[in-house]
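Commentary on secondary and tertiary structure
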There are 2 protein chains.
Amino acid sequence: MTIGVLGGGQLGRMLALAGYPLGLHFRFFDPSPQAPAGNLAEVISANYDDLKSLECFAAGLDLVTYEFENVPATSTHFLAKCVPIYPSPKALETAQDRLTEKTLFHRLGIPVPEFAPVNSSSDLEATLKQVGLPAVLKTRRLGYDGKGQFVLRQHDDAQHAWEAMGGFPLLLEGFIHFERELSILAVRGKNGEIRFYPLVENHHQDGILRHSLAPAPNLIPALQTQAEDYATRVLEALDYVGVLAIELFQCAGRLLANEMACRVHNSGHWTIEGAKTSQFENHLRAICGLPLGATAALGCSTMLNLIGTTPEPRQVLAIPEAHLHLYGKSARPGRKLGHVTVRADNQQTLEARLEQLGFLFSP
Amino acid sequence: MTIGVLGGGQLGRMLALAGYPLGLHFRFFDPSPQAPAGNLAEVISANYDDLKSLECFAAGLDLVTYEFENVPATSTHFLAKCVPIYPSPKALETAQDRLTEKTLFHRLGIPVPEFAPVNSSSDLEATLKQVGLPAVLKTRRLGYDGKGQFVLRQHDDAQHAWEAMGGFPLLLEGFIHFERELSILAVRGKNGEIRFYPLVENHHQDGILRHSLAPAPNLIPALQTQAEDYATRVLEALDYVGVLAIELFQCAGRLLANEMACRVHNSGHWTIEGAKTSQFENHLRAICGLPLGATAALGCSTMLNLIGTTPEPRQVLAIPEAHLHLYGKSARPGRKLGHVTVRADNQQTLEARLEQLGFLFSP
């Protein structure tokens, strides 16, 4: 079985590493000839809107999935005519636009921050009155890792934000004074079976995920149940197949949905060593119509992103149960170059090991 | 860092899968253009004694290792002139000849079955008197998976065995009425640090490893200590770097060494999911001079080889914590095509899961 993957970044690379043992073959599609998946499989290098190249890419594939979320809808629909795509182009499109995404959450009864579209400067004035300050002005499309966002704390900020982003379709959201950021990863098979990983606590820096604690500490069952309920609604509404990630705010004992990703997710990298089946393997099992794997955690883990620079491997590997994952990318400020997962049987041991990793946490 | 691997079979493939996350690159050397590692990295296809191709293979490599044990000594010595090889060609040569191997064990004070070289029909008569019946006549070289062995139960068998194998340098060994077969996997770093995996119980069928239980059930600490002591002696005597496997017979409460393999080993495949660091990652860490990873088991595991045919993946994956590993080889009777590892937190759960896998155990 040969799987085509739109995007050849680290997520694609880790999909391939999880898929080869299952006897799967891979072909990637990525604009960059240096895509990290390139060491592991054939990469077709072309722009995502190059239909001729997409046609070459699709030839002989059994199915297509993505590891990059901003593939143009025209391209996924074009591919869908000749090869099955999971998750569906509809799911991808929903997640590509923060307005349709938030509207779906709202329609499904999933709590979200107050939100309203902003299409003009006067819209912004009006919605600011409705939403109140502080608020967050976001581009509806192409935002990731904190890009395309502007926090409005005082009225003057609105003018600056409008000047910076006014050319794009925008969304204004109420600013949430959350206690912490969590994410739920769920996987749904072709037969409708759903499994959930335990909630993960995420810490960001400059808008980029810095580290995740898995399972989230002090996780009460009611919170897990709430998150699973939200995920189930989305998965079923979209007849979703594959791994879905929903980022959540914990706020006064309840969860608000922030955004979702129709793919394997950075906050699920810990599952490679820290769960009974990794998110990568479970995504592949789902889209191939295979039974899903167990999602329980094996002890507790912390996943730390390596951003901009990578440490000496020996420094990381000297720590018991520290696992290094390098993506084969050249260094550049703000770029995710790899991650480290530290696993332990219990929280106390984990914390002692993380102390040894302290050098990675300093900026 | 680019690592050259002599042999491109399933062991090489699993080395590459373990090594990519560490940022390593691979180049394989294998006579077959269909070598299983071929999906994952460049393979130079040529015979092992083709020095010109070995020279091309070596160009630009940081170091060389092997996943196939019968590489000619002239080839490894030729390579050693231009690139570091781990484990050393000397270790490989020792393991290639059952006589030098047994002689080393004996010299190091490691108990072995009685043994003597057989170079002629009259040698066989004489050594049979010394060793007694039953005995095992083996080729000194190129034996694996039970090939090149002949059990002599009565005196007449000697004549048949001599007719079948008399053209090769041979070894006669006392037949051991063992209680069970075990193996110890050890890894030694460049700095001399040694780590051991727990002893594994191995079950063979027609001379081929069928399944392994890890850790070996009813493992008393004294047995583990004995095995670790044997492995330490061999590792230090050979100034060994990498993973070493020693197959052992348990017999009246003590261990006898049967043979060793200077590479990652089939009886260590369970470590991918069942240990804190896999044998593949630890072999790479060792030969790259990186700190070794933790070798403790995570619960208990059974590894089952898929020989000759492979099951429907969905049948295997429906079992909780069953992990499927297919090697991408075409089916052929007696050929190792993949393996399944089932992990559980305890023996009772493991046994229940293995019952579900019963269909794989029937011939």
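This write-up is about the structure you can find in this document. (Residues numbered from 1 in each chain as written. Chains lettered and ligands numbered in written order. Predicted model: local features only at pLDDT ≥ 70, side-chain atom pairs only at ≥ 80, totals over all residues. Heavy atoms only, no water.)

**A short note on the interface of chain B and chain A**
If you look at the interface, chain B gives 30 residues, while chain A gives 30 residues. Taken together, the two surfaces of chain B and chain A that pack against each other cover about 2,700 Å², and 58% of this comes from carbon and sulfur. Counting across the interface, chain B meets chain A through two salt bridges. The residue K276 of chain B makes a salt bridge to E321 of chain A at a minimum N-O spacing of 3.2 Å. (Contact = heavy atoms within 4.5 Å. Buried area = accessible area lost by both parts, 1.4 Å probe. Salt bridge = Lys/Arg side-chain N within 4 Å of Asp/Glu carboxyl O.)

**Some thoughts on the pattern of salt bridges**
Applying the stated rule across the entire model yields 30 salt bridges over all chains. Between K102 of chain B and E173 of chain B there is a salt bridge; the shortest N-O distance is 2.6 Å. With a gap of 71 residues between them, K102 of chain B in helix α5 (residues 98-107) and E173 of chain B in strand β8 (residues 170-174) connect regions that are remote in the sequence. With a relative accessible area of 2%, E173 of chain B lands in the buried category. A salt bridge links D239 of chain B to R188 of chain B; its shortest N-O distance comes to 3.0 Å. Taken together, the residues D239 of chain B in the loop between α8 (221-237) and β13 (242-251) and R188 of chain B in strand β9 (residues 180-188) connect sequence positions 51 residues apart. Linked through salt bridges whose partners overlap, the residues forming this network are K276 of chain A together with E321, R343, D345 and R353 of chain B. (Helix = DSSP H or I, 4+ residues; strand = E, 2+ residues; numbered from the N terminus. Buried < 20%, exposed > 50% of the residue type's maximum accessible area, 1.4 Å probe, protein only.)

**So, the relation of the copies chain B and chain A**
Once turned by 180° and shifted 0.0 Å along the axis, chain B lies on chain A with an RMSD of 0.0 Å. Accordingly, the operation relating the two chain copies is best matched by a two-fold axis. Measuring from the rotation axis to each C-alpha of chain B, the shortest distance belongs to L40 of chain B, at 2.5 Å. Both copies share a contact surface, since 100% of the interface residues of chain B are interface residues in chain A too. (Least-squares fit on C-alpha atoms with pLDDT ≥ 70 in both.)

**Considerations on unusual backbone geometry**
Residue A214 of chain A is joined to P215 of chain A through a cis peptide bond whose omega torsion reads -10°. Mapped onto the elements of the fold, P215 of chain A is located in the loop between β12 (208-214) and α8 (221-237). Residue L133 of chain B is joined to P134 of chain B through a cis peptide bond whose omega torsion reads -10°. Here P134 of chain B lies in the loop between α6 (121-131) and β6 (135-139).

**Overview of the sheet that holds strand β1 (residues 2-6) of chain B**
All names here are of chain B. Strand order in the open sheet made by the four strands is β3-β2-β1-β4, with parallel pairing throughout. Both edges of this open sheet fall to β3 (42-44) and β4 (63-66), since each of them pairs with a single strand only. Neighbour-to-neighbour, the strand axes of the sheet open up by a mean angle of 30°, direction not taken into account. Both β1 and β4 contribute to a ladder of four bridges, which runs parallel. Residue pairing for β4: I3 is matched across the bridge by L63. (Pairing = 2+ DSSP bridges. Axes fitted to C-alpha atoms, helices over the stretch in contact; angles between N-to-C directions.)

**So, the side chain of T295 of chain B**
Residues and elements named next belong to chain B. Structurally, the position occupied by T295 is in the loop between α10 (279-287) and β15 (300-307). Among the residues examined, T295 registers a relative accessible area of 10% and is labelled buried. Side-chain polar atoms of T295 contact the backbone oxygen of F196, separated by 2.9 Å. Among all residues touching T295, those that are not within four sequence positions of it are R195, F196, Y197, P198, A275 and N282. (Polar contact = N/O pair within 3.5 Å; in protein donor to acceptor, adjacent residues only side chain to side chain.)

**Section: the packing of aromatic side chains**
Residue and element names in this part refer to chain A. The tally for this structure, following the rule as stated, stands at 14 aromatic pairs over all chains. Measuring from centroid to centroid gives 5.6 Å for Y20 and F26, while their planes differ by 75°, and the two rings are edge-to-face. Across this residue pair, the class does not change: Y20 and F26 are buried. When the centroid spacing of 6.2 Å and the interplanar angle of 20° are considered together, the rings of F26 and F28 count as stacked. (Phe/Tyr/Trp six-rings, centres within 6.5 Å; stacked < 30°, edge-to-face > 60°.)

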